[in-house]
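Chain and residue survey
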Amino acid sequence: MLRYLPFLLVLALWIYAFIDCLNTPEEEVRGLPKVVWVIIILLFGEVLIGPVAWLVAGKQRKAPAGGSTPSEWHRNQRTTYVAPDDNPEFLASLKEENKKDEALLKDWEADLRRREEELRRREGEQGTE
């Protein structure tokens, strides 16, 4: 199994570079047209020249937003989480759902009463006959 590992790593890099090239927008491709990069990756994939060339020189890498490194960006992000019971929007939505459920329940109860009365009348009419 260990003897297949280099082959599998080369294959994985080849597939990754090929899919990355296909999914990259044309305006982010550097140096050559996208079609040429695909051909280079496919032709020189077994010797790793094509995939490595694509990963190093073919794709325009974007700097993180704000000009900082990814770790600085994560440290600077202050996400405030609000528990559902402290979120006024969530509580208001629960109240609206509760009102809808209450109205539906009242409609069901009224329908049940009407049906019960109708059954009693029918039984009363049949009992007098």
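First, a word on scope: everything that follows refers to the structure included in this document. Model, not experiment: these values are computed from the prediction.

**Side note on the nonpolar core**
Counting 7 residues, the largest nonpolar core consists of A17, C21, V29, W37, V38, I41 and W54. Residue contributions to this core peak at 3 residues, all from helix α2 (residues 34-43). Setting aside its immediate chain neighbours within four residues, V29 contacts T24, K34, W37, W54 and G58.

**Examining a negative patch on the surface**
Taken together, the side chains of E96, E97, D101 and E102 define an acidic patch exposed on the protein surface. Relative to the helices and strands, E97 is located in helix α5 (residues 88-128). Residue E97 is classed as partly exposed on the basis of its relative accessible area of 47%.

**Some thoughts on the environment of I40**
Structurally, I40 is set in helix α2. For the pair I40 and A53, spaced 13 residues apart in sequence, the C-alpha to C-alpha distance is 8.6 Å. When residues no more than four places from it in sequence are discounted, the contact partners of I40 are L32, G45 and G50.

What counts and how
Residues numbered from 1 in each chain as written. Predicted model: local features only at pLDDT ≥ 70, side-chain atom pairs only at ≥ 80, totals over all residues. Heavy atoms only, no water. Core = buried A, V, L, I, M, F, W, Y, C linked by side-chain atoms within 4.5 Å. Buried < 20%, exposed > 50% of the residue type's maximum accessible area, 1.4 Å probe, protein only. Helix = DSSP H or I, 4+ residues; strand = E, 2+ residues; numbered from the N terminus. Contact = heavy atoms within 4.5 Å. Patch = residues over 30% accessible without salt bridge, like charges linked within 9 Å, V, L, I, M, F, W, Y side chains within 5 Å. Areas by Shrake-Rupley, 256 points an atom, 1.4 Å probe, with all protein chains shown as cover. Salt bridge = Lys/Arg side-chain N within 4 Å of Asp/Glu carboxyl O. Lys, Arg positive; Asp, Glu negative; His and termini not counted. Charge placed at Lys NZ, Arg CZ, Asp CG, Glu CD.

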